[in-house]
Structures are given as structure tokens and as C-alpha cells.
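Listed here are the chains, written in short residue letters.
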Amino acid sequence: VAPHWFTLRLNNSGRVERSGLLDIPYTMMDYLDVYYVSSGEITVAAEVGDARPFSVRVLAHRGFLVPIIIKPGDDVLVLIRAQSSGAMRLPLSLWSLEGFFEHEQMSIAPQLAFVGMMLALILYNIFLLLGTRDVTYLWYVMSMLSISFVVMSFHGILAQYVWPEHPQFNNPVLVAAISLTIVAASLFAYTFLDLKRFGRLMKGAILGLSGC
């Protein structure tokens, strides 16, 4: 896929140096390079992306954060080179350091709550599976696990904590998790609702969807 270039101009009209963070929260971009052009000089600010090891990031964060410092009266041209085999999205936010950390504290809470609830559901249904030997609970557990992997992939959690130096896992795991979610959810509905009682057409439709 051919790279796309984007530009952004930042100006500090004040009398004091301004520092902050350029936040690019879409973590599924394969390659993302950010350059600063100031006073005729080009500075490589960041080379990130989920196709690169986590250790190359300027700041160790699940998103793509780029520090920026603008001197008084300075004018900075920001060049962004984006390349990805998947969807091309480039949401941008410019934060002060204080504003970003306040936002981070507020955003991490629902993510932790989601992971906790999913873990509780998975463990509870594993015990039900072991106690009843009912395959319905197996498909429910598989669907919960795969949904959790999808969400954690989109938020960059797996890339940061599970395989930070093996970015080759990021895209295949996401695709596999999405596919497994559809398969497990379809088979859970098939067994839980006993859809085979509606005849061969319904049975073929559900199992065909899972197969596809």
C-alpha cells in the first residue's frame, strides 16, 4: 500500500517555550513517521507503528505519542508519513502534558473495568463448563476470550505487554480473534437456542456462517 503524507503547522506566538504531546490514538497503523521542520532543519520526531517493535517508540505508551517543543515565536511544520495494509485513519490530538495525564487517568479506568468484567465472566463460565460438561459454555468462553483479544488489540495493550518485540503477531492475532469471535458466537447461539430444531435450513445457515 502506498504511503500517504499529511501536514500540520504549529505556531508559538507567546514568549515562553511550549511543550506538549502529539497523540495519534489509532494503534493499528503499520508504519507512522513524524518529522518536524523548523528553521530549515528536519528532525525525525518519531518512527512508530504496530509493524515495528515496541521499543522503538519515543514514549513507552500503548498509543502513538510524539513529544513536541516549540520555542517562543517559532513556527513548526509537522510532516506525517502513514502507511498501512489495513484501514487508514489518522486521528490527532495536541495535548499539554498536564492535560494528557489527566485524560489518561480518566480513560484507563473503563478499560481496566472491562478487562476485569470479562475475566470474571470467563472464569465463571469455565467452572460451569467443568461442572456441567455442556459444550455451550465452551463456545461462550471462546467468544469472551476472542472479544477481549480484539478490544486489547485495538487499544494496543497486547502490543505493549504481551509481545512488545514481536510486532509480526499484531495483525494475524487481530484477524484470528475477529474470526474466532464470529465462529464462537454463532456456535454458542446454535447450541444455546437449540436452533437445529428449526430444520436443516437453519442448521446449514448457522454452521455455514461459522465455516465461512
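Remember, predicted model here, so these are calculated numbers, not experimental data.

*Asks:* Quick rundown of the layout of surface pockets? Include the residues and the values.
*Replies:* Of the voids in this model, the largest pocket is the one considered here, and its volume is about 310 Å³. Residue lining of the largest pocket: 18 residues in total, with Pro25, Tyr26, Thr27, Arg62 and His155 positioned closest to the centre. It is helix H1 (residues 97-132) that contributes the most residues to the lining of the largest pocket, 5 residues altogether. Per-class residue counts for the lining of the largest pocket are 6 nonpolar, 8 polar and 4 charged.

*Asks:* Talk me through a nonpolar patch on the surface; I want residue IDs and the actual numbers.
*Replies:* A cluster of nonpolar side chains, contributed by Leu119, Leu123, Ile126, Phe127 and Leu130, occupies part of the molecular surface with about 490 Å² of accessible area. You can see Ile126 is positioned in helix H1.

*Asks:* Please set out the sheet that holds strand E2 (residues 18-24) residue by residue, giving values where relevant.
*Replies:* As summarised here, the arrangement of the 3 strands in space is E5-E2-E7, forming an open sheet in which the pairing is antiparallel. Of all the strands in the sheet, the pair left with one neighbour each is strand E5 (64-70) and strand E7 (93-96). Each neighbouring strand pair of the sheet contributes to a mean axis angle of 30°, computed without reference to strand direction. Here E2 runs beside E5; their pairing, made up of 7 bridges, is antiparallel.

*Asks:* Residues and numbers for the packing of aromatic side chains, please.
*Replies:* Overall, the coordinates contain 6 aromatic pairs when judged by the stated rule. Summarising the aromatic geometry, the rings of Tyr140 and Phe188 are spaced 5.3 Å apart at their centres and angled 55° between planes, so their arrangement reads as tilted. Placement of the pair is Tyr140 in helix H2 (residues 135-154) and Phe188 in helix H4 (residues 170-192), with a sequence separation of 48 residues. For Phe188, a relative accessible area of 22% gives the class partly exposed. Members of the aromatic cluster, connected to one another through ring pairs, are Trp95, Phe100 and Phe101.

*Asks:* Report on the pairing of E2, specifying residues and quantitative values.
*Replies:* With respect to burial, E2 is a largely interior element, 5 of its 7 residues being buried. Note: E2 against E7, 4 bridges, orientation antiparallel. Residue pairing for E7: Asp23 is matched across the bridge by Ser93.

*Asks:* Describe the environment of Leu8, and please don't skip the residues or the numbers.
*Replies:* Looking at where Leu8 falls in the secondary structure, it is placed in strand E1 (residues 4-11). According to the relative accessible area criterion, Leu8 is partly exposed, its value standing at 28%. For the pair Leu8 and Leu79, spaced 71 residues apart in sequence, the C-alpha to C-alpha distance is 6.6 Å. Ignoring anything within four residues of it in the chain, the contact list for Leu8 reads Leu22, Val76, Leu77 and Val78.

Conventions we followed
- Residues numbered from 1 in each chain as written.
- Predicted model: local features only at pLDDT ≥ 70, side-chain atom pairs only at ≥ 80, totals over all residues.
- Heavy atoms only, no water.
- 1 Å grid on protein atoms, 1.4 Å probe; cavity = no way out; pocket = protein on both sides within 12 Å on 5 of 7 lines; lining within 4 Å.
- Points joined across faces, edges and corners; volume = space filled by probe spheres on them.
- Helix = DSSP H or I, 4+ residues; strand = E, 2+ residues; numbered from the N terminus.
- Nonpolar A, V, L, I, M, F, W, Y, C, P; charged D, E, K, R; others polar.
- Patch = residues over 30% accessible without salt bridge, like charges linked within 9 Å, V, L, I, M, F, W, Y side chains within 5 Å.
- Areas by Shrake-Rupley, 256 points an atom, 1.4 Å probe, with all protein chains shown as cover.
- Salt bridge = Lys/Arg side-chain N within 4 Å of Asp/Glu carboxyl O.
- Pairing = 2+ DSSP bridges.
- Axes fitted to C-alpha atoms, helices over the stretch in contact; angles between N-to-C directions.
- Phe/Tyr/Trp six-rings, centres within 6.5 Å; stacked < 30°, edge-to-face > 60°.
- Buried < 20%, exposed > 50% of the residue type's maximum accessible area, 1.4 Å probe, protein only.
- Contact = heavy atoms within 4.5 Å.

That is the geometry; function is a separate question.
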